[in-house]
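# Per-entry structural report
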Amino acid sequence: MPKYVIVGACAAGIGAVEAIREVDSKGEITVISEEQCSHYSRPMISDFVSGKADLAKMKTRDDQFWQKNNANILSGKKAVSLNIAEHFVALEDGNKVSYEKLLLATGGKPFVPKMEGQEKEGVYTFTNISDAELLAQKISSGTGKNAVVIGAGLIGISVTEALTKRDVKVTIVELQDKILSLLLDPKASDIVEAVVRKAGVNIVTGQSVQKITGKPGNEGSVGGVVLTKGDQIPCDMVIVAIGVIPRTELVTGTAIKTNRGVIVDDYMQTNVPDVYASGDVAEAYDFILNQNRLLPLWPLAVLEGKVAGYNMAGKKTDYAGGTNMSTLKYFGVPIVSIGSANPKPDPTLEIVIKEDVAKGVYKKIVLKDGIIVGMTFLGDIERAGILFYLMKKKVNVKKFKDALLADDFGLAALPLSLRRKMNLEE
Amino acid sequence: MKRIIAKQEHCMGCGLCEVYCTTQHSKSKDIVKAYNREKPRPISRVRLEMSKPVSFAIQCRHCDDAPCAQACLTGAMHKDQETGLVTHNAEKCMGCWTCVMVCPYGAIKIDKEGHVVAKCDQCTELETPACVANCPNGALECIEVKR
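Now for a look at the structure at hand. (Residues numbered from 1 in each chain as written. Chains lettered and ligands numbered in written order. Predicted model: local features only at pLDDT ≥ 70, side-chain atom pairs only at ≥ 80, totals over all residues. Heavy atoms only, no water.)

### Details of the overall build of chain A
As a reminder of what qualifies: Runs of E in the DSSP output that reach at least two residues are strands. Runs of H or I that reach at least four are helices, and both are numbered from the N terminus. With C-alpha atoms as the basis for the radius of gyration, the globule rule is written as 2.2 Å multiplied by the number of residues raised to the power 0.38. Whether a residue is buried, partly exposed or exposed follows from its accessible area with a 1.4 Å probe, protein chains only, as a fraction of its type maximum: under 20%, in between, or over 50%, in that order. Here, residues are in contact when the closest pair of their heavy atoms is within 4.5 Å. Residues scored as charged are limited to Lys and Arg (positive) and Asp and Glu (negative), so that His and the chain ends carry no count. To locate a charge, the coordinates of NZ of Lys, CZ of Arg, CG of Asp or CD of Glu are taken.
Looking only at helices and strands, chain A features 11 helices and 26 strands. Expected size for 426 residues packed as a compact globule is a radius of gyration near 22 Å; at 23 Å, chain A falls within 12% of this value. Along the longest, intermediate and shortest principal axes, the C-alpha atoms of chain A span 70 × 60 × 40 Å. With 426 residues in all, chain A has 57% of them scored as buried. When contacts within chain A are restricted to residue pairs at least 6 apart in sequence, those whose partners lie at least 24 apart make up 61%. For chain A, the centre of its 52 positive side-chain charges and the centre of its 50 negative side-chain charges are spaced 2 Å apart.

### With respect to the overall build of chain B
Assigned secondary structure in chain B consists of 5 helices and 8 strands. Each helix and strand of chain B, placed in order from N terminus to C terminus, yields the pattern β-α-α-β-β-α-β-β-α-β-β-α-β. The C-alpha atoms of chain B give 15 Å as radius of gyration, which agrees with the globular expectation for 147 residues (15 Å, within 12%). Dimensions along the principal axes, computed over C-alpha positions, put chain B at roughly 40 × 40 × 30 Å. Counting the 147 residues in chain B, one finds 59% classified as buried. In chain B, of all internal contacts separated by at least 6 residues, the share reaching a separation of at least 24 is 58%. Each charge class in chain B can be summarised by its mean position, and for the 20 positive and 17 negative side chains these summaries are 4 Å apart.

### Considerations on the sheet that holds strand 6 (residues 96–98) of chain A
Residues and elements named next belong to chain A. Our working definition: At least two DSSP bridges between two strands are needed for those strands to be called paired. A fitted line through C-alpha atoms serves as each axis, taken over the contacting stretch for helices, and the angle formed by two N-to-C directions is quoted from 0 to 180°.
Taking strand neighbours across the sheet as the criterion, the 3 strands line up as 4-5-6 in an open arrangement whose pairing is antiparallel. With partners counted over all chains shown, the strands left at the sheet margins are strand 4 (79–83) and strand 6, one partner each. Across the sheet, the axes of successive neighbouring strands diverge by a mean angle of 25°, strand direction being ignored. With 3 bridges connecting them, strand 5 (residues 88–91) and strand 6 associate as antiparallel partners.

### Brief notes about a nonpolar patch on the surface
Stated precisely, the cut-off is as follows: Two distance rules govern patches: like charges are joined within 9 Å, and nonpolar side chains (Val, Leu, Ile, Met, Phe, Trp, Tyr) within 5 Å, applied only to residues with over 30% relative accessible area and no salt bridge. Accessibility throughout is a Shrake-Rupley quantity obtained with a 1.4 Å probe, and a residue counts as covered only by protein chains that appear here. Each salt bridge in this description consists of a side-chain nitrogen of Lys or Arg and a carboxyl oxygen of Asp or Glu lying within 4 Å of one another.
Together, Phe111, Ile242 and Ile245 of chain A make up an exposed nonpolar region whose accessible area comes to about 220 Å². For phenylalanine 111 of chain A, the location among the structural elements is in the loop between strand 8 (108–110) and strand 9 (123–125).

### Points about the interface of chain B and chain A
How we decide: A simple way to read buried area is as the amount of 1.4 Å-probe accessible surface that goes missing from two parts once joined, with both sides added. Pairing of N or O atoms within 3.5 Å defines a polar contact, subject to two protein rules: one partner must be a possible hydrogen donor and the other a possible acceptor, and residues neighboring in sequence count only if both atoms are side-chain atoms. Amino acids outside the nonpolar list (Ala, Val, Leu, Ile, Met, Phe, Trp, Tyr, Cys, Pro) and the charged list (Asp, Glu, Lys, Arg) are all regarded as polar, and Gly is one of them.
Listed as interface residues are 37 residues of chain B and, on the opposing side, 41 residues of chain A. Regarding the contact of chain B and chain A, the summed buried area is about 3,200 Å², with carbon and sulfur atoms giving 57% of it. Together, Gln70, Met94 and Met101 of chain B form the three largest contributors to the area buried by chain B at its contact with chain A, with a combined 22%. Between chain B and chain A we count 2 salt bridges in total. Where glutamate 382 of chain A meets arginine 47 of chain B, a salt bridge forms, and the shortest distance between an N and an O atom there is 3.3 Å. For the pair chain B and chain A, the interface holds 14 residue pairs in polar contact (both at pLDDT 80 or more). Sorting the residues of the side of chain B that touches chain A by element identifies strand 1 (2–6), strand 2 (47–51), strand 3 (54–58), helix 3 (67–71), helix 4 (98–102) and strand 6 (109–111) of chain B as the ones contributing at least two each. Looking at side-chain class alone, the side of chain B that touches chain A contains 21 nonpolar, 9 polar and 7 charged residues.

### Quick notes on helix 6 (residues 154–165) of chain A
All names here are of chain A. Let me state the cut-off plainly: For a helix, the expected span equals 1.5 Å multiplied by the number of residues minus one.
Its 12 residues give helix 6 an end-to-end C-alpha distance of 17 Å, which sits within 8% of 16 Å, the value for a rise of 1.5 Å per residue. Helix 6 sits mainly inside the fold: 9 of its 12 residues count as buried. Buried residues of helix 6: Gly156, Ile157, Ser158, Val159, Thr160, Glu161, Ala162, Leu163 and Thr164, and no others. Buried residues belonging to helix 6 abut helix 2 (45–50), helix 5 (129–140), strand 10 (146–150), strand 11 (169–174) and strand 16 (237–240).

### Focus on the packing of aromatic side chains
For any pair of aromatic rings, the description rests on two quantities: the centre-to-centre distance and the angle between the ring planes. All names here are of chain A. We apply this condition: Centre distance within 6.5 Å is the pairing criterion for rings of Phe, Tyr and Trp, where only the six-membered ring of Trp is used; planes under 30 degrees apart are then read as stacked, over 60 as edge-to-face, and the remainder as tilted. A ring is scored as having a charge over it whenever the NZ atom of a lysine or the CZ atom of an arginine sits within 6 Å of its centre and within 35 degrees of its normal.
Applying the stated criterion across every chain yields a total of 1 aromatic pair over all chains. Ring centres 4.9 Å apart and planes at 80° place the aromatic pair phenylalanine 65 and tryptophan 66 in the edge-to-face group. Taken individually, phenylalanine 65 and tryptophan 66 each receive the classification buried, so the pair is uniform in this respect. Lysine 315 extends its terminal NZ or CZ atom over the ring of tyrosine 310, reaching a point 4.5 Å from the ring centre. Between lysine 316 and the ring centre of tyrosine 267, over which it is positioned, the NZ or CZ distance is 4.0 Å.

### What about empty space enclosed by the protein?
All names here are of chain B. The condition that has to hold: Detection works on a 1 Å grid of protein atoms alone, calling trapped sets that fit a 1.4 Å probe cavities and calling open sets with protein on both sides within 12 Å along at least five of seven lines pockets, with lining residues defined by an atom within 4 Å of a point. Grid points are joined across faces, edges and corners, and a volume is the space filled by probe spheres set on the points.
Following the criterion strictly, the structure yields 6 cavities of 30 Å³ or more and no others. Looking at the largest cavity, its volume works out to about 110 Å³. Lining the largest cavity we find 17 residues, and of these Cys11, Cys14, Cys17, Cys135 and Ala139 sit closest to its centre. Contributing elements (two or more residues each) for the lining of the largest cavity: helix 1 (16–24) and strand 3. Partitioned by chemical class, the residues of the lining of the largest cavity number 13 nonpolar, 4 polar and no charged.

Take it as geometry only, folks, not as evidence of what the structure does.
Here it is in structure tokens:
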């Protein structure tokens, strides 16, 4: 019987395998992967569509990864149910995989709201390589020249850039008033919006798509969309990029507790012994909000998977927590945005902003009691990691807060005591 | 494994570490050509940190926990368990800047022309890293450290 079974071979699954092998070189590992090729980078699928990367470049680990780690990978196999009492996962092909320790790393799936016409040919989601391949084929076939992208979050902006590079005319439809509203404040959002518009993209905010219409004479194919206020936009592709929701199907009807995602403790363990969850399916700890929540981000999924792996293998390990943290590289504007970068008005928060329009630089930190709880660096991001470190370590920066945003900010601007702690110099 | 240590009291802030790092990471390995002719222009992976009168030079620390390698979206950044070095494969880099976000030292440089990152590789092809070998005042030292 495999000692460890991992459902899902993406970021969290990979992290777990690596962590288990650090602790236990022998225990049998079985990884169940719905996809044929699992170890590729999902955040890179926009580069696949734009033509910048092929599948080989997108692989996050080499092809011998599973063998090297002595893990048995079941590719193209779907887990359909979970029997907690008898400790096994049932596969679609009828086989059962027994476990001693189980990790649910099933990830997320695109959220697609009910829309009239959503079944038409030309409607896509954008989270995995199959989505990217379908979209790339459509463009290559010459039948995809005009697209409507629903949602202006990370996924929406990434696919928009890829489409633009393929000379597809894009209209983004975003329900919120601003693009990237979960990541950026209105000012930073405006800067990005101007750049995206300059690239020829049309942006409609404050509206959603109520209906996808067919082509005249070919009702089965996308011909356009009707927005909530009644405006019509002709197009031959619709990409639904609203967000992802956890894939909790496997735990439905079991004793495993869920909220929006699977609830886990600091060890990434569910309420059921021997069952762990990590990645987009789990609600893990956010050290800024001081609560557990969904944070469907690749780097956090890897870390959560690692923590689960250590604990499954018997090395007690706490998850330090993550937070909403993203970088953007799209349309030539580098951005790092972390934590409460766009907080609601709150008199206990102090906000420091530095803007240099000529240089295209916008920097902002949000402080609470002298500790950084949110930040956005736009245009000039090379030193952003130092601030993220201060944020994670909850360092009181009150005395040198302005230096943090200076053009020439660097490690030498930090107090000596802190530099010593960071082992920077002798 | 080895780590390059900065000695603040010896650093004069001359910036030669950056010059020699740039040259070492150029195609020509020639200072004049590296600075004036090569395109894309090679990038120094060491950075002179200066806040007068304090100065010292910092490059990738090759951290034990290597947050950059853990966060890398493509597998381009890798912690080599045998050598202890954090290596970066520019061929696999997609320039997503995630490593830049999580590097506590801000030690990862952005190669704007190549749209990838660049960082210290400890000049493994040399006996002594170029920054260390060419520091005129002994402000950089490459020492063996425990992992």
